[in-house]
Amino acid sequence: MAVDTAASTAVDLGPATALSCRECGTRFPLGPSFACLECFGPLEIAYDYAGYDAEELRKRIEAGPASIWRYAPLLPVPADVAGKPNLNPGWTPLVKADNLGRELGFTGQLHIKDDSGNPTHSFKDRVVACAIEAARAFEFTTLSCSSTGNLAGAVGAAAARAGFKSCVFIPHDLEQGKVVMAGVYGGELVGIDGNYDDVNRFCSELIGDPAGEGWGFVNVNLRPYYGEGSKTLAFEICEQLGWRLPDQIVIPIASGSQLTKIDKGLQELIKLGLVEDKPYKIFGAQAEGCSPVSAAFKAGRDVIKPVKPDTIAKSLAIGNPADGPYVLDIARRTGGAVEDVTDAEVVEAIKLLARTEGIFAETAGGVTVGVLKKLVETGQLDPSKETVAINTGDGLKTLDAVADAGMTAVIRPTLESFREAGLATA
């Protein structure tokens, strides 16, 4: 797709200066484009951070709002972004998971970065918040996306707040909780008879059709800007640790963009002098029923073989993940790994996290905690090291996965009935 150079010269996206190809390094003006015109590699944002003093920048960040906009100097957004109509996501808790850590045999500190507290209860609010600023800059009128559920809700909510129209596309068989949450904001919600990869292909076709004129697809033609929102997870984790890098991070994989951008965020903090450089390991987590990246990692391959998803973890059910090869590079470069767990292990992990830490994760979080457990048991992750596992969404969206949880007993409103049920010694 050709870059609109006229639009790119007029946009204000803060320190963002260009689009840069991740493969060949060719640069293009800022615009609604996602693929390199030279080699068809993915484009990402290049910045001008010249003149930043580490101490002054750290103080500026710490004095900022309790949202991702405290990091506006490091994102492709205008300086006044916090004053614009948006959902102000981010600055979610980094929970010391001591109970879970003891259960899993940790001697080092285990943390859960719990992103379920975002406005639409998933990390997707972060990426949409950045994409919507690009949509404003490029004068789009409609926000759209292909989604496995959480992104659809985030786009619908952000569009409603910011005054955009929205039309989002999802597989027709998503969990009902995600369907309702995406549809309640008043935009168009369209189910596609197929899986996520079918939905994504359709959206790519719509971008090139007159019917898609004026539409900003947050994870397609706005993808370079959208992806930068995931860096804020890295920024928050390090700031919440007292401006330190963790030793190990476990991250769920759908497209793989979150994992690659967290690594990018960590590298930027190091280059800016905001954290001390030290080795860290990144681990990717997939469900066995959609584990093309895990399979490639274990086989020592650099190529991701697409699969047809078959898992309860529908928010991770992307059979042909765009950033899969880059995930492999990062896992290998940092000394981490990519692992997968069965659906039964996902359910077990959701209950384990809820029982130990009072955090109700959706199935993606179950994948992360399940893989964390497996990595410790197989010796791939060191439980003596400081570790962060990321929960990306709220379990209320995937209730079917733990439908067997419920009332312990039904009793009459009498002490006799209470004792007969064996609850007096509970």
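*Asks:* Even after reading the chapter, I still don't get the overall build of the chain, so can you show me in this structure?
*Replies:* When you go through the chain residue by residue, the secondary structure sums to 15 helices and 13 strands. Over its C-alpha atoms, taken along the principal directions, the chain stretches across nearly 80 × 45 × 45 Å. For the chain, the proportion of its 426 residues judged to be buried stands at 58%. Contacts in the chain between residues far apart in sequence, at least 24 positions, make up 70% of those at least 6 positions apart. As displayed, the chain has an accessible area near 17100 Å², and 51% of this comes from carbon and sulfur atoms. Of the charged side chains in the chain, 40 are positive and 55 negative; the average position of the first set lies 3 Å away from that of the second.

*Asks:* What is the right way to look at the pairing of strand 1 (residues 16-21) in this model?
*Replies:* On a regular strand, one side chain projects to one face of the sheet and the next to the other, so that they alternate. With 5 of its 6 residues buried, strand 1 lies for the most part within the structure. Two elements, strand 1 and strand 3 (residues 43-47), share 5 bridges in a ladder whose sense is antiparallel. Counted as the bridge partner of Cys21 is Leu43 from strand 3. In terms of strand pairing, strand 1 meets strand 2 (residues 27-28) through 2 bridges, oriented antiparallel. Note on strand 2: the bridge partner recorded for Ser20 is Arg27.

*Asks:* I keep staring at the pattern of salt bridges and nothing clicks. Help me out?
*Replies:* Should the charged atoms of two oppositely charged side chains come close, the side chains can pair. Within this structure, the stated rule accounts for 27 salt bridges. A salt bridge links Asp323 to Arg22; the nearest nitrogen and oxygen atoms lie 3.5 Å apart. Taken together, the positions of Asp323 in the loop between helix 11 (292-299) and helix 12 (324-334) and Arg22 in the loop between strand 1 and strand 2 put the pair 301 residues apart, joining distant regions of the chain. Of the charged contacts in the structure, one is a salt bridge between Arg333 and Asp263, with a shortest N-O distance of 2.4 Å.

*Asks:* Any chance you could explain helix 6 (residues 176-183) here in plain terms?
*Replies:* Along an α-helix, residues three or four apart share an orientation, since each turn contains 3.6 residues. Taken residue by residue, helix 6 has Lys178, Met181 and Ala182 as its buried positions. Along the axis of helix 6, the buried positions cluster into a sector of 95°, meaning they face one direction only. Taken together, the buried residues of helix 6 touch helix 5 (150-162) and strand 8 (188-192).

*Asks:* Please clarify how the sheet that holds strand 10 (residues 248-252) should be interpreted in this entry.
*Replies:* Sheet strands pair by backbone hydrogen bonding; their relative direction is either parallel or antiparallel. With respect to topology, 6 strands assemble into an open sheet ordered 4-5-13-10-11-12, the strand pairing being mixed. Strands with a single pairing partner mark the edges of an open sheet, and in this sheet they are strand 4 (94-96) and strand 12 (337-341). The average angle at which neighbouring strand axes cross in this sheet is 25°, direction not considered. Where strand 5 (residues 110-114) lies against strand 13 (residues 387-391), 5 bridges are found, and the strand directions are parallel. Counterpart to Ile112 in the pairing with strand 13 is Ala389. Packing against the sheet, helix 9 (residues 231-240) makes contact with strand 4, strand 5 and strand 13, and its axis sits at approximately 135° to strand 5.

*Asks:* Looking at this structure, I do not really get the confidence of the model for the chain. What am I missing?
*Replies:* Any segment with low pLDDT has predicted coordinates that should not be analysed in fine detail. Here the chain averages 94 in pLDDT, and 98% of its residues register 70 or above. Taken together, the stretch residues 1-8 has pLDDT below 50 and engages in 17 contacts with residues farther than four places along the chain or on a different chain.

*Asks:* Would you mind showing me how to read the nonpolar core here?
*Replies:* One recurring pattern in soluble globular proteins is that nonpolar side chains are buried together. In terms of nonpolar packing, the biggest core is built from 122 residues, with Leu100, Tyr225, Val250, Leu266 and Val367 touching the most fellow members. Apart from the residues within four sequence positions on either side, Val250 is in contact with Phe283, Ala285, Thr368, Val371, Leu372, Leu375, Leu381, Thr387, Val388, Ala389 and Ile390. Counting 10 residues, the second largest nonpolar core, distinct from the first, contains Phe169, Ile207, Trp215 and Val220.

*Asks:* Would you take a moment to explain a nonpolar patch on the surface for this structure?
*Replies:* A surface patch of nonpolar side chains, about 260 Å² in accessible area, is lined by Ile411, Leu415 and Phe418. Structurally, Phe418 can be placed in helix 15 (residues 415-420). Classification of Phe418 as partly exposed rests on a relative accessible area of 31%.

*Asks:* How should the packing of helix 13 (residues 343-357) against helix 14 (residues 363-377) be read in this particular structure?
*Replies:* For any two helices packed against each other, one specifies the crossing angle of their axes together with the interaxial distance. Interhelical geometry of helix 13 versus helix 14 gives an angle of 90° and a closest axis separation of 7 Å. Taken together, the axis directions place helix 13 and helix 14 in an arrangement best described as roughly perpendicular. Within the contact between the two elements, helix 13 uses Val346, Glu348, Ala349, Ile350, Leu352 and Leu353 and helix 14 uses Thr363, Gly366, Val367, Val369, Gly370 and Lys373. Taken together, the residues of the contact of helix 13 with helix 14 sort by class into 7 nonpolar, 3 polar and 2 charged.

Reading guide: rules and limits
Residues numbered from 1 in each chain as written. Predicted model: local features only at pLDDT ≥ 70, side-chain atom pairs only at ≥ 80, totals over all residues. Heavy atoms only, no water. Helix = DSSP H or I, 4+ residues; strand = E, 2+ residues; numbered from the N terminus. Buried < 20%, exposed > 50% of the residue type's maximum accessible area, 1.4 Å probe, protein only. Contact = heavy atoms within 4.5 Å. Areas by Shrake-Rupley, 256 points an atom, 1.4 Å probe, with all protein chains shown as cover. Lys, Arg positive; Asp, Glu negative; His and termini not counted. Charge placed at Lys NZ, Arg CZ, Asp CG, Glu CD. Pairing = 2+ DSSP bridges. Salt bridge = Lys/Arg side-chain N within 4 Å of Asp/Glu carboxyl O. Arc of directions from axis to C-beta. Axes fitted to C-alpha atoms, helices over the stretch in contact; angles between N-to-C directions. pLDDT = per-residue confidence, 0-100. Core = buried A, V, L, I, M, F, W, Y, C linked by side-chain atoms within 4.5 Å. Patch = residues over 30% accessible without salt bridge, like charges linked within 9 Å, V, L, I, M, F, W, Y side chains within 5 Å. Parallel < 35°, antiparallel > 145°, perpendicular 65-115°, else oblique. Nonpolar A, V, L, I, M, F, W, Y, C, P; charged D, E, K, R; others polar.

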